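Below, each chain spelled out in residue letters.
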Amino acid sequence: MIEQTHIPLELAYELSIKALEAARAGEWDRVQELTPQRDAQLRMGHPPDERSADIVRILIEQNAQLMDLAEQARELVNQQVQQHKYSHRALSAYIASSEEP
């Protein structure tokens, strides 16, 4: 029988920390690189014991933090897009009014 270890969960934990750090730095491409790596480690399995449960609880909390950061970034991008649309309309109106004789 092959003994399961906590190594995959511990690697998933480390990758999750790196993803959080990248998200906090606004490095979303890096988050996208790390997420499948973390998910692969989670699929490898782990022993059903208290240590695994503790690590999984931490991973769930980290994932919630990551989701919150992603939502904040999404809202910021939406605000920037709305500001850009407003600026574009204002510039278009200015150009149109300056072209009139």
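Residues numbered from 1 in each chain as written. Predicted model: local features only at pLDDT ≥ 70, side-chain atom pairs only at ≥ 80, totals over all residues. Heavy atoms only, no water.

1. Some details on the nonpolar core
Okay, step 1: By size, the foremost hydrophobic cluster in this structure holds 9 residues: Leu15, Ala19, Leu20, Ala22, Ala23, Val31, Leu34, Leu66 and Leu69.
Okay, step 2: Broken down by secondary-structure element, the contributors of at least two residues to this core are α1 (7-24), α2 (28-43) and α3 (50-99).
Okay, step 3: The contacts of Leu69, once residues within four sequence positions are left out, are Leu20, Ala23, Arg24 and Trp28. (Core = buried A, V, L, I, M, F, W, Y, C linked by side-chain atoms within 4.5 Å. Buried < 20%, exposed > 50% of the residue type's maximum accessible area, 1.4 Å probe, protein only. Helix = DSSP H or I, 4+ residues; strand = E, 2+ residues; numbered from the N terminus. Contact = heavy atoms within 4.5 Å.)

2. As for α2
Okay, step 1: Look at α2: 23 Å from first C-alpha to last across 16 residues, which is about the 22 Å you get at 1.5 Å a residue.
Okay, step 2: Listed in full, the buried residues belonging to α2 are Val31, Leu34, Arg38 and Gln41.
Okay, step 3: Just downstream of α2, Gly45 is the residue with a positive phi angle, here 90°. (Expected span 1.5 Å × (residues − 1).)

3. Considerations on the packing of α1 against α2
Okay, step 1: With their axes 9 Å apart at the nearest point, α1 and α2 run at an angle of 165° to one another. It follows that α1 is roughly antiparallel to α2 by the angle criterion. The interaxial crossing formed by α1 with α2 has left-handed handedness. Between α1 and α2, the residues in contact are Pro8, Leu9, Leu11, Ala12, Leu15, Ser16, Lys18, Ala19, Ala22 and Ala23 and Trp28, Arg30, Val31, Leu34, Gln37, Arg38, Gln41 and Leu42, respectively.
Okay, step 2: Taken together, the residues that form the contact of α1 with α2 break down as 12 nonpolar, 3 polar and 3 charged. (Axes fitted to C-alpha atoms, helices over the stretch in contact; angles between N-to-C directions. Parallel < 35°, antiparallel > 145°, perpendicular 65-115°, else oblique. Left-handed = near helix turned anticlockwise from the far one by under 90°. Nonpolar A, V, L, I, M, F, W, Y, C, P; charged D, E, K, R; others polar.)

Geometric values such as these leave the question of function open.
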